[in-house]
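Take a look at the letters that make up each chain.
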Amino acid sequence: MTSAKIISGTEISEKVLGEVRGEAEAFRSRHGRSPGLAVVLVGDDPASTVYVRMKIRDCGLSGIESFSHHLPGDTPTEEILRIVKDLNGDDRVDGLLVQLPLPDEVDTVSILDSIDPAKDVDGFHPVNVGRLVRGDRDVLMPCTPAGVMRMLDEEGIDPHGRRAVIVGRSDIVGKPMAFLLLHRHATVTICHSRTPDLDRTVRNADILVAAVGRPLMVKKEWVNPGAVVIDVGVNQLTREDAPGHILEDPDRVKDFDKKGYTLVGDVSPDAVEVAGWYTPVPGGVGPMTRAILMANTVKAAKWRAD
Ligand code: GUN
C-alpha cells in the first residue's frame, strides 16, 4: 500500500545538471575557460572518499573543471590553510570546498573561515551564513537545504503558512534549512535527538525534514498523514540492526548479501504508506545535494567573472 507521491531526487537532479551543463558551456564560450571547482580531502574517511569521488565525477558530467587535492590525514592545520590560500588566489578556481569532517586534530572553523566567501560553494563561511540568515537573494546556499527547496518547488509544494518541523540542528543542514523555510513563510520548529516528546512534535508537521543522522529514527506512526516527508539521512544499516519490514524487502536483502549493509534514511521507509510526498533513500536528497554543488560552482563563476 503506497499512498505517497515519491519525489525523485534522481530525476530532478538530472534536470538541474542539464541546466548546469548549458550554463557551463555558455560560460566557456564567453570566457574561454570552464568554471572550476577545487575539492580538498584530508585523510581517508571511506564515506568522504566516496562523496569526493562522486563530486569530481559530477564535474566531468557538467562541463566543470575539477582540481582535486588529497592530503594525508596528519596534515597540520597550517598546511591546509596554505593550500586554501593558494586556491583562493587561483583564477581557474571558482568554487572551493573542503570535505567535512576533517580529522579531529584540524581546526575546522579556522579552515572554513579562510575560504574566500565568493568561492564558498558549500555556503559554510560566516559571511554566507549571515547573508542566508538575513534572507539575501544572491547568496551561495548550503547544497542540501537548497536542494530540498528545489525539490519542493519542482513538486509545487509552497511552504507558505505550513508547519515545518526539522529534526536535526547541524550547521550543514538543520539550521540553514530552517531559515530557508522561514523565508518562504513556513512556521518552523527545529528539534533534535534530545527534544522531549519528539514524536508529538513531528506529528504536527505539514513538512517534515529529517536530518538527524540516526537510522530509521522517525517511525511511520510519527508522520502526520498526508505530510511532505523529506529524508536527508544517509545511514548504513546492517542486517543485525534491521527491523522486520526492512528484512522483507528483496532489494534490501540483495544489498545485505552484496555489501553487508543497506543504505537507509532517518525515516522508516514504511512511512511512505501515510505520507503525502516522500523522498526515498537512496535516490532522494543525495543526488540533489551534488547537483546544487555544481549549480553553485557555475553561479560563483558567473558572479566572479561579472
Ligand atoms: N560532509 C558532509 N556533507 C558535506 C557537504 O555538504 N560539504 C562538505 N564540504 N562536506 C560535507
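Right above here is the structure, for reference.
Residues numbered from 1 in each chain as written. Predicted model: local features only at pLDDT ≥ 70, side-chain atom pairs only at ≥ 80, totals over all residues. Heavy atoms only, no water.

Time to look at the site of the ligand. Taken together, Lys55, Leu97, Val98, Gln99, Leu100, Asp122 and Phe124 are the residues near the ligand. Here aspartate 122 contributes a side-chain N or O atom positioned 2.6 Å from a nitrogen atom of the ligand. Compared with its free state, where it exposes 280 Å², the ligand has 82% of that area covered by protein. Counted by class, the shell around the ligand contains four nonpolar, one polar and two charged residues. (Near = heavy atom within 4 Å. Polar contact = N/O pair within 3.5 Å; in protein donor to acceptor, adjacent residues only side chain to side chain. Areas by Shrake-Rupley, 256 points an atom, 1.4 Å probe, with all protein chains shown as cover. Nonpolar A, V, L, I, M, F, W, Y, C, P; charged D, E, K, R; others polar.)

This part takes up the sheet that holds strand 8 (residues 228-231). Strand order in this open sheet of six strands is 1-11-8-7-5-6, and the pairing throughout is parallel. Each edge of the open sheet is held by one strand with a lone partner, namely strand 1 (5-6) and strand 6 (187-191). Note: strand 7 (residues 207-210) against strand 8, four bridges, orientation parallel. From the neighbouring strand, alanine 210 faces strand 8, where its bridge partner is aspartate 231. (Pairing = 2+ DSSP bridges. Helix = DSSP H or I, 4+ residues; strand = E, 2+ residues; numbered from the N terminus.)

Considering the arrangement of structural elements, one finds tryptophan 222 in the loop between strand 7 and strand 8. Tryptophan 222 gets classed as buried once you look at its relative accessible area, which sits at 16%. For the pair formed by tryptophan 222 and glycine 161, sequence separation is 61 residues and the distance between their alpha carbons is 21 Å. (Buried < 20%, exposed > 50% of the residue type's maximum accessible area, 1.4 Å probe, protein only.)

Attention now moves to the side chain of aspartate 270. The residue aspartate 270 is located in the loop between strand 10 (261-264) and strand 11 (277-278) in this model. Here aspartate 270 sits buried without a salt bridge, and the closest side chain of opposite charge, lysine 220, lies 5.0 Å off (N-O distance). Separated by 2.7 Å, the side chains of aspartate 270 and serine 268 make a polar contact. Residues within four places of aspartate 270 in sequence aside, it is in contact with Lys220 and His245. (Lys, Arg positive; Asp, Glu negative; His and termini not counted. Salt bridge = Lys/Arg side-chain N within 4 Å of Asp/Glu carboxyl O. Contact = heavy atoms within 4.5 Å.)

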